[in-house]
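The primary structure of each chain is shown beneath.
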Amino acid sequence: MTSPHAPALRHSLAEDIYALLIGCSLISVGLMCLHKAGLVTGGVAGITLLLSYLVPMTPGNLFTTINIPFLLFAIYAMGGKFAFKTLVASLGITFFSGFIPHVMQICNVQPFFAAIFGGTMIGMGILSLARHHAGVGGTGVITLWLQKSRGINAGLVQIFIDTIILAISLLFLTGEKILLSAVSACAMSCILIVFHRPGRYIGH
């Protein structure tokens, strides 16, 4: 058993790269599921999906474009190392969002399953990045900064932001899709609430 006073184990470069690859691929698969079902979710992923139904850009390209101002904030709030990893993650999500459809097609997905599975995959991807001092950018930068600087749980802040995103989505989506999108946002945030808690993970 690890002593509570033992120093945290530092991640190696190979571990960071592995985590970024896993996180980006999980997020991309989650976005594919939700996009196929015509749903949105919380965070920058939700903003990306919502805009993808309104403008002629792919979710991957929109993801990177939306992230630019948040990446600038990340440099100020979380430091250059976090901002660099977040930039790499953002570009990785753009890459995987374009690459995965060439090797895997989602022809049909039941909307409720898409909400649960897609939201959970995005949440696990965000968790993989956060454990290695990176983020997906967007609202995730704000939630991680508030947890680091103010001790406010990232998952709870994410739920508040997601509520605003879903409220805006009411202008463009049906009531049924909004409800399912809320399910997906809850699935994503619950991953962070349960697993991304101070003291439960000693690596950094």
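The structure under discussion appears in the preceding block.
Since the model is a prediction, treat every value here as computed from it, not as a measurement. (Residues numbered from 1 in each chain as written. Predicted model: local features only at pLDDT ≥ 70, side-chain atom pairs only at ≥ 80, totals over all residues. Heavy atoms only, no water.)

A. Quick peek at the state of the cysteines. What the rule picks out here adds up to 0 disulfides. No disulfide involves C33; its sulfur sits 12 Å from the nearest other cysteine sulfur, which is in C107. (Disulfide = S-S within 2.5 Å.)

B. View of the layout of surface pockets. Here the second largest pocket is characterised by a volume of approximately 290 Å³. Along the wall of the second largest pocket there are 16 residues; nearest its centre are M32, H35, P59, S97 and P101. Secondary structure elements with two or more residues in the lining of the second largest pocket: α1 (13–37), α3 (59–78) and α4 (80–103). Of the residues contributing to the lining of the second largest pocket, the split by class is 6 nonpolar, 9 polar and 1 charged. (1 Å grid on protein atoms, 1.4 Å probe; cavity = no way out; pocket = protein on both sides within 12 Å on 5 of 7 lines; lining within 4 Å. Points joined across faces, edges and corners; volume = space filled by probe spheres on them. Helix = DSSP H or I, 4+ residues; strand = E, 2+ residues; numbered from the N terminus. Nonpolar A, V, L, I, M, F, W, Y, C, P; charged D, E, K, R; others polar.)

C. Molecular detail of the packing of helix α5 (residues 111–130) against helix α8 (residues 175–195). Two elements in contact, α5 and α8, have axes whose closest approach is 7 Å; the angle formed by their N-to-C orientations is 30 degrees. In terms of their interaxial angle, α5 and α8 are classed as roughly parallel. Handedness of the crossing formed by α5 with α8: right-handed. Where α5 approaches α8, its residues P111, F112, A115, I116, G119, T120, I122, G123, M124, I126 and L127 are matched on the opposing element by L180, V183, S184, A187, M188, I191, L192 and F195. Residue composition of the contact of α5 with α8, by class: 15 nonpolar, 4 polar and no charged. (Axes fitted to C-alpha atoms, helices over the stretch in contact; angles between N-to-C directions. Parallel < 35°, antiparallel > 145°, perpendicular 65-115°, else oblique. Left-handed = near helix turned anticlockwise from the far one by under 90°. Contact = heavy atoms within 4.5 Å.)

D. A look at the nonpolar core. Within the largest apolar cluster, 37 residues are counted, with the highest numbers of intra-cluster contacts made by I27, L31, I93, I122, I126, L129 and V136. Residue assignment for this core shows that the elements contributing at least two residues are α1, α2 (43–52), α3, α4, α5 and α8. By residue number, the principal contributor to this core is α1, which donates 9 residues. Discounting residues that sit within four places of it in the chain, L129 has contacts with A19, L20, G23, I27, A89, A134, G135 and V136. One finds A74, A77, F82 and L144 within the second-largest nonpolar core, a separate group that totals 9 residues. (Core = buried A, V, L, I, M, F, W, Y, C linked by side-chain atoms within 4.5 Å. Buried < 20%, exposed > 50% of the residue type's maximum accessible area, 1.4 Å probe, protein only.)

E. Structural detail: the side chain of T41. Take T41: it is sitting in the loop between α1 and α2. The exposure class of T41 is buried, given its relative accessible area of 0%. In this structure the side chain of T41 is engaged in a polar contact, spanning 2.8 Å, whose partner is the side chain of S184. At 3.5 Å, the side chain of T41 forms a polar contact with the backbone nitrogen of A185. Beyond its immediate sequence surroundings of up to four residues, T41 is in contact with L34, G46, L49, I122, I165, S181, S184, A185 and M188. (Polar contact = N/O pair within 3.5 Å; in protein donor to acceptor, adjacent residues only side chain to side chain.)

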